Amino acid sequence: HGATGLRMNPQDAAVRPVDFPWATREDYLADALNPNDVHVWAQYECMIRPEKEVLDSEDDGGYIPLSFTPSQEDAHDALVLARKHVEKVRIIHLKARQVYASTFWTAVFSQCVARDKLSNGLVLAYELKTTKALMRMYRRIFKNLNQCKPLLRLVSKGIETHEFQSGAMIESASAKNAGGGHGLTHSWVHASEVSRWSDAEETLEAIGPASQNAHTIVMESTADGRGGLFHDTWKEGLDADEWVKSRGAKRGYLRVFTPWHRHPGYRLAVGDEPLLYSDLEAELAAKHHLDAEQIAWMRATLRDVCRNRMTRFQEAYPSCPEEAFTSTGAGAITPEALSALIRCLEEPIEKDGDTWIWEYPVANARYVLAVDPTGGGPQGDFGVVHVLRLVPGGEPVTAAEHSERCRPAVLAQVAVRLAYRYNQGLVGVERTGLGVACCDEMRRLVYFNVVCDTHGTAGIPMTASLRRTVCEIGRDIAESGTGVRSSRLLDDLSDLRDDGIKIEHATGCHDDCFRAWALAHWIARKHIQRLPVDRSTRIKEYRTRMSPLDMGL
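It should be emphasised that the depicted structure is a prediction, and the values quoted were computed from it without experimental measurement.

Draft legend 1. Broad picture of helix 7 (residues 228–236). Looking at helix 7, one finds that the buried residues are Leu229, Phe230, His231, Thr233 and Trp234. On its buried face, helix 7 is in contact with strand 3 (89–95), helix 6 (200–211), strand 9 (216–221), strand 10 (254–258) and helix 12 (321–324).

What follows is the structure in structure tokens.
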């Protein structure tokens, strides 16, 4: 293996490939470790792709060399261009899903580790499990090179330090741990899926001092809507032509974009019958030179993965950067529906502080109220009470809405006040943590017309499955382009994201008004079991205790 630890030895005929053109080991090493060309390293040393599906196996077999795809060649060209002009390379890579961008950058930085015995690298991904998956590729390479030390030292809070025989190190951590970059002076930084980091600004600020002298920093990610660190960095960056022209001036990040149609795997076989294009498909085919197999793949993915939502497809599989950074992010609500909802907005007829009123109580009308409690605090989420008037044979109508950063007990008092005002309406409280305190306060105030679970416990236990159901009800109503009167609710709808698993707000935004509104609609659609209370006892309690209205609530 020699001092470098590289696997291939030109003098060893037993392991030398037939097409091995180097006469001496020194000639081979010069090309394999050439920082301006990663092809030789990838072909002969970077055993990174499993020949068959390998999940948790750490064996040495079943791996094949890394052959660059056209999309990876684009990233390689940008890397060579940057290294030609500057010593400190800064690249931001906007990509479509599953184009093996992380695999390419792993090959690049593993070469940096092999070339520099004192290399100290940093790998960050947005979750611990994705960080571990990324580091598995690095360890696989160096295990094949017989360069991994048997000891893996765990530091703290999910931070791992990986040491190699040459003395180089790689520190890996989840981006959720802002201290992940402390303790090392980094030679390079591999930041993956930056758009999904919850506190990207804080994380990069924490690792900044340790990485300011790094020779290479790469931020690679799919898009996640407009705004945020990744989108801002992309806007400030420069394309290759502009970047080269700015020689001598202060440069931003060099931008690399990988559209979905550059990936050779995004194709689907078509039959003998010619594929009939829609107007949109014909336009895309002409603009980006797509063939029938690519159009067939796009059509199937749009239908099966993106549920016929073009904005979601454009963000996950963009053809140009403008498509990736859509105004609605992951597109829980389509732009067409949002445009229709804007026309539905109404100014409240009364604003009582944080309580907005669109309708005064109607005699004999039935009302439901949904409560989404929070812990309060100046930077916390909002506690929301949403009031719906039930319409026989039609969709419920928003009558009032209260949104305020307040403690659960205070929100419960607001809910009781509104419930009494709106014909003692049925109140449903999201009972997750703080919701228990809200339910207890309502019981103390002797209000019993509340939703309970099958065991008679006040409140609605919001499981992951039920939360998804409730959010889908709200999303479907919003997609109809009607039913929204509140501008606060519209703001929440505009910032919703749907990744196929859960519907939630974008980073730095809120969805409290949406959750309360959707929960109110769910209550209105269901046959809800009331909290079992003896009627004579309730009347007796009302007679012997002051009502909330008498208490000034």
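Draft legend 2. Representation of the pattern of salt bridges in the model. One pass over the full model with this rule turns up 28 salt bridges. A salt bridge links Arg196 to Asp224; the nearest nitrogen and oxygen atoms lie 3.7 Å apart. Highlighted residues: Arg196 in the loop between strand 8 (188–192) and helix 6 and Asp224 in the loop between strand 9 and helix 7, separated in sequence by 28 residues. The exposure class assigned to Arg196 is partly exposed, which follows from its relative accessible area of 25%. For Asp224, a relative accessible area of 13% gives the class buried. A salt bridge links Asp239 to Arg255, with the nearest nitrogen and oxygen atoms 3.1 Å apart. Here the residue Asp239 occupies a position in the loop between helix 7 and helix 8 (240–245), and Arg255 occupies one in strand 10, the gap between them amounting to 16 residues. We classify Asp239 as partly exposed; its relative accessible area is 35%.

Draft legend 3. Structural context of the sheet that holds strand 15 (residues 397–404). A sheet is described by the order of its strands in space; here 6 strands give the open sequence 11-12-15-14-13-16, paired in mixed fashion. The open sheet terminates on both sides in strands that have one partner only, identified here as strand 11 (350–352) and strand 16 (426–429). Ignoring which end each strand starts from, the neighbouring axes of this sheet average 15° apart. Note: strand 13 (residues 367–372) against strand 16, 4 bridges, orientation parallel. In the sheet register, Ala370 faces strand 16, and the bridge partner there is Gly428. Along the sheet, helix 18 (residues 512–525) contacts strand 13, strand 14 (383–389), strand 15 and strand 16; its crossing angle with strand 13, the most-contacted strand, is approximately 140°.

Draft legend 4. Representation of the nonpolar core in the model. Residues Trp41, Cys46, Ile91, Trp105, Tyr138, Ile170 and Trp188 are the most contacted members of the largest nonpolar core, which totals 39 residues. Contributions of two or more residues to this core are made by helix 2 (39–44), helix 3 (70–85), strand 3, helix 4 (101–115), helix 5 (128–144) and strand 10. In contact with Ile170, other than residues within four places in its own chain, are Val113, Gly121, Val123, Met135, Tyr138, Glu160, Thr161, His162, Phe164 and Trp188.

Draft legend 5. The arrangement of the packing of aromatic side chains in detail. Applying the stated criterion to the full structure yields 20 aromatic pairs. Ring geometry for Phe514 and Trp517: centres 6.3 Å apart, planes at 45°, overall tilted. With a gap of 3 residues between them, Phe514 and Trp517 both fall in helix 18, about one helical turn apart. With a relative accessible area of 0%, Phe514 lands in the buried category. Look at Trp517 and you get buried, because its relative accessible area is 0%. Every member of this aromatic cluster is reached through a ring pair, and the members are Phe68, Phe104, Trp105, Phe109, Tyr138 and Trp188. Sitting above the plane of the Trp234 ring, Arg255 keeps its charged end 5.0 Å from the centroid. Between the NZ or CZ atom of Lys351 and the centre of the ring of Trp356, over which it lies, the distance is 4.3 Å.

Here is what the cut-offs are and how they apply
- Residues numbered from 1 in each chain as written.
- Predicted model: local features only at pLDDT ≥ 70, side-chain atom pairs only at ≥ 80, totals over all residues.
- Heavy atoms only, no water.
- Buried < 20%, exposed > 50% of the residue type's maximum accessible area, 1.4 Å probe, protein only.
- Helix = DSSP H or I, 4+ residues; strand = E, 2+ residues; numbered from the N terminus.
- Contact = heavy atoms within 4.5 Å.
- Salt bridge = Lys/Arg side-chain N within 4 Å of Asp/Glu carboxyl O.
- Pairing = 2+ DSSP bridges.
- Axes fitted to C-alpha atoms, helices over the stretch in contact; angles between N-to-C directions.
- Core = buried A, V, L, I, M, F, W, Y, C linked by side-chain atoms within 4.5 Å.
- Phe/Tyr/Trp six-rings, centres within 6.5 Å; stacked < 30°, edge-to-face > 60°.
- Lys NZ or Arg CZ within 6 Å of the ring centre and 35° of its normal.

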